Amino acid sequence: MTYCRFEFEGQALYGVVEERGGEPWIVDLAPGMEEDLAYKLAHLSAAAWSFDFEPMPLSAAKLLPPVTPSKIICVGRNYRDHAKELGNEVPAEPLLFFKPVSSLLAPGGVVRMPALSERVDFEGELALVVGKRIQKLRTGEDWRGFVRGYTIANDVTARDIQKKDGQWTRGKGFDTFCPVGPVVSDGIDPDAGVVVETRVNGELKQHGSTKDFIFSIGDLLRYISAAITLEPGDLVLTGTPAGVGPLKAGDRVDVSIEGLGVLSNPFDAETA
Ligand code: MG
């Protein structure tokens, strides 16, 4: 299934997304996701689900981040060419860090470039959404049944602050630094290779394939879940290909992944 999360008559709802005439449409309401507090509250009142819903183009919906994770776990340097471009060794084990859930941003939302930073970079990434609790996934255990689907993320980074701080919490964690969406889909296979591209104001900056991952999705889920239990709805960002670079206020960043559409966000200066 491919689904989105959107605001409709004051409620956060999930919608089934299908192609109609070459365009993605929300064709019906989807069941909510169990981790979503808003969904749980809505179920206390059956009346909240008595909408007459008419199909609409995805482009006409007020989209929300399609996930409500308990945590966002990110992988640094998972493509050889990106590790090299920043002068880093290819890691022997995955390099993990968190982004806070307060950094989540909807498709189309404005990324606020903090006054504290002089260099804000884009990082287009494939992200996966956990579907079932993962605790100490074993070697050889099939991970696919634990994954609900895939989406697009932009791991926005204040590169100067990331370097200055020596750890990444602040540089990766500003409000609005995790745009995600527009949809979640189980219809792609990263192990077979999907293309991840990033454009700034329409100009191609990143072009990678998940075939070039240093660590596969299965490797990542085993490594992460050996230490940290992954809950339904949790988001795992799988790293960015080469080509990252700085942005300026007024830029627009489009991250596209085959089968998942385009995540598009404008960047602007922080407002006082
Ligand atoms: Mg990244």
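Small disclaimer: the values here were computed from a predicted structure and weren't measured.

Notes on the coordination of the magnesium ion
Then, number 1: Within the protein, the magnesium ion binds to Glu123 (OE), Glu125 (OE) and Asp155 (OD); these donor distances fall in the range 2.0 to 2.1 Å.
Then, number 2: Counting along the primary sequence, the residues that act as donors to the magnesium ion give the motif E-x1-E-x29-D. In this pair, Glu123 sits in the loop between β10 (120-122) and β11 (124-130) while Asp155 sits in the loop between β12 (147-154) and β13 (157-158), placing the two residues 32 residues apart along the sequence. Residues Glu123 and Asp155 agree in their burial class; the two are buried.

What to know about the sheet that holds β13
Then, number 1: Spatially, the three strands line up as an open sheet ordered β13-β10-β18, and their pairing is antiparallel. At either end of the open sheet lies a strand with only one pairing partner, and these are β13 and β18 (245-246).
Then, number 2: Two strands pair when backbone bridges link them, and β10 and β18 are joined in this way by two bridges, in the antiparallel orientation. Note on β18: the bridge partner recorded for Asp121 is Pro246.

As for the domain arrangement of the chain
Note: interface size is frequently given as the accessible area lost on complex formation between the parts.
Then, number 1: As assigned here, the chain comprises domain 1 (2-63) and domain 2 (72-269).
Then, number 2: Taken together, both faces of the contact between domain 1 and domain 2 bury some 790 Å²; the carbon and sulfur share is 56%.
Then, number 3: One salt bridge connects Glu35 with Arg148, and the closest N-O pair in it is separated by 2.9 Å.
Then, number 4: Our enumeration of links across domain 1 and domain 2 arrives at three residue pairs in polar contact (both at pLDDT 80 or more).
Then, number 5: It is strand β1 (residues 2-8) that contributes the most residues to the side of domain 1 that touches domain 2, three residues altogether.
Then, number 6: Of the residues belonging to the side of domain 1 that touches domain 2, the class tally is six nonpolar, one polar and two charged.

Some remarks on the sheet that holds strand β15 (residues 195-200)
Then, number 1: What the five strands build is an open sheet, ordered β9-β20-β19-β15-β16; its pairing is mixed. The open sheet has two edge strands, β9 (111-113) and β16 (203-209), and neither has a second partner. Between one strand axis and the next, the sheet turns by 20° as a mean value, whatever way the strands run.

Description of the layout of surface pockets
Then, number 1: The volume enclosed by the largest pocket comes to roughly 380 Å³.
Then, number 2: For the lining of the largest pocket, the secondary-structure elements that each account for two or more residues are β2 (11-20), β3 (23-30), β14 (178-185) and β20 (261-269).
Then, number 3: Here the lining of the largest pocket is built from residues that sort into ten nonpolar, six polar and four charged.
Then, number 4: Here the lining of the largest pocket spans two domains, since at least three of its residues come from each of domain 1 (2-63) and domain 2 (72-269).
Then, number 5: Taken as a whole, the second largest pocket spans an internal volume of roughly 220 Å³.
Then, number 6: A per-element tally of the lining of the second largest pocket places helix α3 (residues 159-165) first, with three residues.

Re the pairing of β3
Then, number 1: Here β2 pairs with β3 via seven bridges, running antiparallel. Paired with Val17 across the two strands is Ile26, which belongs to β3.
Then, number 2: Two successive antiparallel strands, β2 and β3, enclose a turn made up of two residues, where Gly21 displays a positive phi of approximately 60°.
Then, number 3: Across two bridges, the pairing between β3 and strand β4 (residues 56-57) is antiparallel. Paired with Trp25 across the two strands is Pro57, which belongs to β4.

What counts, and where the lines are drawn
Residues numbered from 1 in each chain as written. Predicted model: local features only at pLDDT ≥ 70, side-chain atom pairs only at ≥ 80, totals over all residues. Heavy atoms only, no water. Donors = N, O, S within 2.8 Å, 3.2 Å for Na, K, Ca; no water. Helix = DSSP H or I, 4+ residues; strand = E, 2+ residues; numbered from the N terminus. Buried < 20%, exposed > 50% of the residue type's maximum accessible area, 1.4 Å probe, protein only. Pairing = 2+ DSSP bridges. Domains from an automatic or database assignment. Buried area = accessible area lost by both parts, 1.4 Å probe. Salt bridge = Lys/Arg side-chain N within 4 Å of Asp/Glu carboxyl O. Polar contact = N/O pair within 3.5 Å; in protein donor to acceptor, adjacent residues only side chain to side chain. Nonpolar A, V, L, I, M, F, W, Y, C, P; charged D, E, K, R; others polar. Axes fitted to C-alpha atoms, helices over the stretch in contact; angles between N-to-C directions. 1 Å grid on protein atoms, 1.4 Å probe; cavity = no way out; pocket = protein on both sides within 12 Å on 5 of 7 lines; lining within 4 Å. Points joined across faces, edges and corners; volume = space filled by probe spheres on them.

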